[in-house]
Amino acid sequence: PFDVLVVGGGPAGASAAIYAARKGIRTGIVAERFGGQVQDTLGIENFITTPYTEGPKLVANMEEHVREYNVDIMNSMRAKALHKKDVFELELENGAVLKSKTIVLSTGARWRNINVPGEAEFKNKGVAYCPHCDGPIFAGKDVAVVGGGNSGVEAAIDLAGIVKHVTVVEFLPELKADKVLQDRLFSLPNVTVITNARTSEIYGSDKVQGLKYVDRDTEEEKDIALSGVFIQIGLVPNTEWLDGTVERSKFGEIIVDNRGTTSIPGVFAAGDCTNSAYKQIIISMGSGATAALGAFDHLIRN
Ligand code: FAD
């Protein structure tokens, strides 16, 4: 069996694999798609030491770094179930079963899409999901935030400090964010809130030029001219396959402590699939290192 088997090949998994392999223990990494969300990212400006890079380039660097070590990389393989026997058994969709003494779960998350015309087409061309990442691109411009829950309102407050004007578009008749956040939002001069509005289209030419929504009271379609649309209707952890195993939050996030330990001894987790407060590349890499060191600690004690 492996000593450490990492499930997920994004920044958290790559970091965990490197930290484990550097201990001279048998390390494997299984990934549906090596690189994870970073594969889908255009510009990255907050990866410290690198003022600017691009997703596919960072993924190539990550892979090159992992390949410096004796890590068994199993790409294009999807984990289906985790079982605890005398060692852990990871069952893959292709029928294979991998055995390991410890497991690091790093299956990441995915942004929930609104699924309207233009969303996919203008991804990275005005359609964005991460205000920490892409907010500064829209400095001095008009943007919308779709979603009026906590993440949407936090994004709007954050963006209001950078961009010219923010329109929050919420489907329901009222915002769902905490009152303190709403109070802060409504105190800002450059924010407009539109409720009871169903976003119907994001349009543009080579870049986003506007957003259309339907007023759910009147069924009238309206149009806002803008340069950017931040979709903030939820980040879903890729943990459905773990039903009945590790403890998860009501959002499906794997609950970990400060060593990456989950509710099952020997199973660790890191990155966006966990209840970490913030979801970023650098944070995922840090927690991947933590989980691998936690796993190593577990191995030398058991
Ligand atoms: P992920 O990157 O989600 O990787 C998960 C891995 O697990 C993948 O390899 C996936 O294929 C695999 N996987 C999932 N399920 C299974 C399964 N069942 N079996 C096997 N493998 C599985 N962050 C920044 O810091 N700066 C930015 O500029 C930035 N821009 C972003 C732009 C976009 C468009 C997006 C979507 C995200 C952006 N982020 C950015 C966020 C950042 O990409 C994530 O925080 C980070 O990738 C999380 O790393 P992770 O390893 O936890 O998960």
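Only a predicted model underlies this, so the values are computations on that prediction, with no experimental measurement involved. (Residues numbered from 1 in each chain as written. Predicted model: local features only at pLDDT ≥ 70, side-chain atom pairs only at ≥ 80, totals over all residues.)

### Things to note about the overall build of the chain
Along the backbone of the chain there are six helices and 19 strands. The C-alpha atoms of the chain give a radius of gyration of 21 Å, which matches the 19 Å a tight globule of 302 residues would have. The burial tally for the chain puts 43% of its 302 residues in the buried class. In the chain, of all internal contacts separated by at least 6 residues, the share reaching a separation of at least 24 is 61%. (Helix = DSSP H or I, 4+ residues; strand = E, 2+ residues; numbered from the N terminus. Rg over C-alpha atoms; globule rule 2.2 N^0.38 Å. Buried ≥ 20, exposed ≤ 12 C-beta atoms within 10 Å, placed from the backbone. Contact = placed C-beta atoms within 7 Å.)

### A word on the domain arrangement of the chain
Taken domain by domain, the chain comprises domain 1 (2–111 + 235–301) and domain 2 (127–231). Here domain 1 and domain 2 have C-alpha centroids that lie 33 Å from each other. (Domains from an automatic or database assignment.)

### Some remarks on the pairing of strand 16 (residues 220–225)
Counting buried residues in strand 16 gives zero out of six residues, a small share hidden from the surface. Judged from the six bridges that link them, strand 15 (residues 208–215) and strand 16 form a sheet pairing that is antiparallel. In the sheet register, Tyr213 faces strand 16, and the bridge partner there is Lys222. Linking strand 15 to strand 16, which pair antiparallel, is a turn of four residues; within it Glu219 sits at a positive phi near 65°. (Pairing = 2+ DSSP bridges.)

### Topic: the site of the ligand
Near the ligand there are 38 residues, and of these Gly8, Gly10, Gly36, Gly108 and Gly271 occur at the shortest range. Contributions of two or more residues to the shell around the ligand are made by helix 1 (11–21), strand 2 (27–31), strand 9 (109–111) and helix 6 (281–301). Shared between two domains, the shell around the ligand takes at least three residues from each, and those domains are domain 1 (2–111 + 235–301) and domain 2 (127–231). (Near = placed C-beta within 6 Å.)

### Description of the confidence of the model for the chain
Per-residue pLDDT for the chain averages 97, and the proportion of residues at 70 or more is 100%. Scored as a complex, the prediction yields pTM 0.91 and ipTM 0.99. (pLDDT = per-residue confidence, 0-100.)

### Notes on the sheet that holds strand 14 (residues 197–204)
The sheet built from three strands is open, its strands ordered 14-15-16 with antiparallel pairing. Each edge of the open sheet is held by one strand with a lone partner, namely strand 14 and strand 16. Here the average twist between neighbouring strands, direction ignored, is 25°. (Axes fitted to C-alpha atoms, helices over the stretch in contact; angles between N-to-C directions.)

### Overview of the environment of Ser187
Secondary-structure assignment places Ser187 in the loop between helix 5 (179–186) and strand 13 (191–194). Residue Ser187 is classed as exposed on the basis of its C-beta count, with 9 C-beta atoms lying within 10 Å. For Ser187 and Asn113, which are 74 residues apart along the polypeptide, the C-alpha to C-alpha distance reads 29 Å.

### Digging into unusual backbone geometry
Phi is positive for Asn196, close to 60°, though the residue is something other than glycine. Structurally, Asn196 can be placed in the loop between strand 13 and strand 14. Taking the number of C-beta atoms within 10 Å as the measure of exposure, Asn196 has 16 and is therefore partly exposed. At Glu219, a position not held by glycine, the phi torsion is positive, near 65°. With respect to the helices, strands and loops of the structure, Glu219 is situated in the loop between strand 15 and strand 16. By the C-beta count within 10 Å, which is 8 here, Glu219 ends up exposed.

### Digging into the sheet that holds strand 11 (residues 142–146)
As summarised here, the arrangement of the five strands in space is 10-17-11-12-13, forming an open sheet in which the pairing is parallel. Edge positions in the sheet fall to strand 10 (127–128) and strand 13, since each of these pairs with one other strand and no more. The sheet contact formed by strand 11 and strand 12 (residues 165–169) spans five bridges and is parallel. Among the inter-strand pairings, Val146 is bridged to a residue of strand 12, identified as Val169. Across the sheet, helix 4 (residues 150–160) lies against strand 11, strand 12, strand 13 and strand 17 (228–231), angled at about 170° from strand 12, the strand it touches most.

### Some details on the packing of helix 4 against helix 5
For the pair helix 4 and helix 5, the least separation of the axes is 10 Å and the interaxial angle reads 30°. Relative to helix 5, the element helix 4 lies roughly parallel. Of the two possible hands of crossing, helix 4 and helix 5 adopt the one that is left-handed. Contact residues: helix 4 offers Asn150, Val153, Glu154, Ala156 and Ile157, while helix 5 offers Leu181, Gln182, Arg184 and Leu185. (Parallel < 35°, antiparallel > 145°, perpendicular 65-115°, else oblique. Left-handed = near helix turned anticlockwise from the far one by under 90°.)

### A short note on the nonpolar core
Ala16, Ala17, Ile103 and Val104 are the most contacted members of the largest nonpolar core, which totals 47 residues. Top contributing element to this core by residue count: helix 1, with eight residues. Once residues lying within four places of it in the same chain are set aside, the contact partners of Val104 are Val4, Val6, Val7, Ala16, Phe268, Ala269, Ala270, Ala291, Ala292 and Ala295. Core analysis: the next-biggest nonpolar cluster, separate from the first, contains 33 residues, Phe122, Ala156, Val163 and Leu226 among them. (Core = buried A, V, L, I, M, F, W, Y, C linked by C-beta atoms within 7 Å.)

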